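Examining the three-dimensional arrangement
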Amino acid sequence: MTTLPVNPPPRLLMGPGPITADPRVLRAMSAQLVGQYDPAMTAYMNETMELYRKVYRTENEQTFLVDGTSRAGIEAALVSLLEPGDRVLVPVFGRFGHLLAEIGRRCGAEVHTIETPWGTVFTPEQIAEAVAAVRPKVLAVVHGDTATTMRQPLGDLGEICRQYDVLLYCDATATLGGNRFDVDAWEIDVATAGLQKCLGGPSGSAPITIGERAVAVIESRRHVEAGIAEPGDVGRGVPIASNYLDLAQIMDYWGPRRLNHHTEATTMLYGARECARLLVDEGLDVVVERHRLHGAAMLAGVRGLGLEVFGDVAHKMHNVVAVHIPDGVDGDAARAGMLQDYGVEIGTSFGPLHGKVWRIGTMGHNARKDAVLVTLAALEQVLRAAGVPVTAGGGVGAAQEIYA
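The structure displayed is predicted, hence computed values, not measured ones.

1. Quick word on the overall build of the protein chain
A tally of regular secondary structure across the protein chain gives 13 helices and 13 strands. Since a compact globule built from 404 residues should have a radius of gyration of about 22 Å, the 22 Å found for the protein chain is in line with a globular shape. Overall, the C-alpha framework of the protein chain stretches about 75 × 55 × 45 Å when taken along its three principal axes. Looking at the protein chain residue by residue over its 404 residues, the buried ones come to 57%. Considering only contacts in the protein chain between residues 6 or more positions apart, those separated by 24 or more positions represent 71%. On the protein chain, roughly 16500 Å² of surface is accessible, and the fraction owed to carbon and sulfur atoms is 52%. Seen as two clouds, the 35 positive and the 47 negative side-chain charges of the protein chain have centres 3 Å apart.

2. Section: helix H10 (residues 284-304)
Taking 1.5 Å of rise per residue, the 21 residues of H10 would be expected to cover 30 Å, and the 30 Å separating its terminal C-alpha atoms lies within 8% of that figure. Among the residues of H10, those classed as buried are Leu284, Val287, Val288, His291, His294, Gly295, Ala297, Met298, Leu299, Ala300, Gly301 and Val302. Of the surrounding elements, those touching the buried residues of H10 are helix H2 (39-56), helix H9 (266-282), strand S11 (320-324), strand S13 (357-361), helix H12 (369-385) and helix H13 (394-403). In the stretch just after H10, glycine 306 is the one whose phi turns positive, near 85 degrees.

3. Here we look at the pattern of salt bridges
According to the stated counting rule, one finds 25 salt bridges in the structure shown. Put simply, glutamate 83 and arginine 221 hold a salt bridge, and the shortest N to O gap is 4.0 Å. One end of the pair, glutamate 83, is in the loop between helix H3 (70-81) and strand S3 (87-92); the other, arginine 221, is in the loop between helix H7 (212-219) and helix H8 (247-254), and 138 residues separate them in sequence. On the basis of relative accessibility, which here comes to 22%, the residue glutamate 83 falls in the partly exposed class. Here arginine 221 falls in the buried class, since its relative accessible area comes to 1%.

4. Overview of the packing of H10 against H13
Direction vectors running N to C along H10 and H13 enclose 145 degrees, while the axes themselves pass 7 Å from each other. Crossing angle aside, the handedness with which H10 passes H13 is right-handed. On H13, the residues that touch Leu293, His294, Ala296, Ala297, Ala300, Gly301 and Gly304 of H10 are Gly394, Gly395, Ala398, Ala399, Ile402 and Tyr403. When its residues are assigned to classes, the contact of H10 with H13 shows eight nonpolar, five polar and no charged.

5. Description of unusual backbone geometry
Here the bond from glycine 17 into proline 18 is cis, since omega is 10 degrees, no more than 30 degrees from zero. Turning to its location among the elements, proline 18 is positioned in the loop between strand S1 (12-13) and helix H1 (23-29). We note that arginine 57 has phi near 55 degrees; this positive angle belongs to a residue other than glycine. Relative to the helices and strands, arginine 57 resides in the loop between H2 and strand S2 (62-67). Residue classification places arginine 57 among the partly exposed residues on the basis of a relative accessible area of 28%. Notably, glutamate 187 is not glycine yet its phi reads approximately 55 degrees, a positive angle.

6. Thoughts on the side chain of aspartate 252
With respect to the helices and strands, the residue aspartate 252 is situated in helix H8. In this view, aspartate 252 contacts Arg222, Val224, Arg257, Arg258 and Leu259; residues no more than four positions away in its chain are not counted.

7. Focus: the sheet that holds strand S4 (residues 110-115)
If you walk across this open sheet you meet the seven strands as S2-S10-S9-S8-S5-S3-S4, and the pairing is mixed. Either end of the sheet is taken by a strand with one partner, and the two such strands are S2 and S4. Averaged over all neighbouring strand pairs, the angle between strand axes comes to 20 degrees, with direction disregarded. One ladder, built from three bridges, connects strand S9 (residues 190-192) with strand S10 (residues 205-210); its direction is antiparallel. Considered in S10, the bridge of threonine 192 is made with isoleucine 208. Those strands touched by helix H5 (residues 124-134) are S3, S4 and strand S5 (138-142), and its axis lies near 160 degrees from that of S3.

8. Quick notes on the packing of H12 against H13
One way to put it is that H12 packs onto H13 with a least axis distance of 8 Å and a crossing angle of 160 degrees. On the basis of their axis angle, the class for H12 and H13 is roughly antiparallel. The element H12 and its partner H13 pack so that their crossing is right-handed. Contacts from Lys369, Val372, Leu373, Leu376, Ala377 and Glu380 of H12 reach H13 at Gly394, Gly395, Val396, Ala399, Gln400 and Tyr403. Per-class residue counts for the contact of H12 with H13 are seven nonpolar, three polar and two charged.

What counts and what doesn't
- Residues numbered from 1 in each chain as written.
- Predicted model: local features only at pLDDT ≥ 70, side-chain atom pairs only at ≥ 80, totals over all residues.
- Heavy atoms only, no water.
- Helix = DSSP H or I, 4+ residues; strand = E, 2+ residues; numbered from the N terminus.
- Rg over C-alpha atoms; globule rule 2.2 N^0.38 Å.
- Buried < 20%, exposed > 50% of the residue type's maximum accessible area, 1.4 Å probe, protein only.
- Contact = heavy atoms within 4.5 Å.
- Areas by Shrake-Rupley, 256 points an atom, 1.4 Å probe, with all protein chains shown as cover.
- Lys, Arg positive; Asp, Glu negative; His and termini not counted.
- Charge placed at Lys NZ, Arg CZ, Asp CG, Glu CD.
- Expected span 1.5 Å × (residues − 1).
- Salt bridge = Lys/Arg side-chain N within 4 Å of Asp/Glu carboxyl O.
- Axes fitted to C-alpha atoms, helices over the stretch in contact; angles between N-to-C directions.
- Left-handed = near helix turned anticlockwise from the far one by under 90°.
- Nonpolar A, V, L, I, M, F, W, Y, C, P; charged D, E, K, R; others polar.
- Pairing = 2+ DSSP bridges.
- Parallel < 35°, antiparallel > 145°, perpendicular 65-115°, else oblique.

So far we have only geometry, and geometry alone does not tell us how the molecule works.
Set out below in structure tokens:
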């Protein structure tokens, strides 16, 4: 059997992520490898740390990459903060709140949740009331849940957490780079993300930033591997349950000691560095506004096609919209038609929304006018083929009015 080279079909990825990676990121990832302690490599690592401080809008020294998808960053944060028996509070407003709760249970934590219907978010008062009642060690919050497209307001949560001496962890996978996210101003103790959405890269690297309060908790559980420990490396507290995701060890690897932990994923480092470099070069406020503009055009366009938008639009992320699948339309068949006939991918959702909504993303490299208009034009034809009465050019025309 002859195995052919990898040759993916041309696709415009307009779902909730992954998205079409920026060509400049792919070019950076094609660069030659160097050794993990080569001066060029450690310089790239230092540059990456500084770039992500700017992306996260923070002065946190401990800002670096966890090697793995965005879920690796989430697990690293929670397994390094939570000891068995610790209380963690998770406000659940979609699939990924449930994920945080599950990871907390796997850490042996005492998990408490509050829930609101999918398509809504929590008020600060609701979260404050739950924090006061539970008194958790960690409040773990999803900023934007792509399953529902909702974005949880965070501005008041840091103050609430400090009032009760609680650490604030935030999963910013779906929002970082496309929506305002201000670690220091919002007093977020730990935040993690991934590259495959608004940052415009491939999945496989998880930028993380850790504030001083959380660093102190992680350092209180610091254990150096026996094979590389030096005099004075005395273990402290309950060991972090994961070796690979042990943030105390990873901080030593990225820090001045360069204490070996793993072999840094060089190609992913190149890509993550380029994602951040491009955002900083364009300007963070400019990037957020770009996502807002093209998200608004997509929102107007799906409404122009007569589709009903899911959820509380006032709390929708800039970069993804969910629409109810019209009655009588086979949602999966329509998505397949868009992919096969037009090379455009959109998504469905999970759990109670599976097969009931389509999710359409405008993020990263695809937060641009031509991608929005092509997607709306293709969706119109698929709807028409399914027998849905659609105003000719209704979607593209409505989007064009936003751009006018």
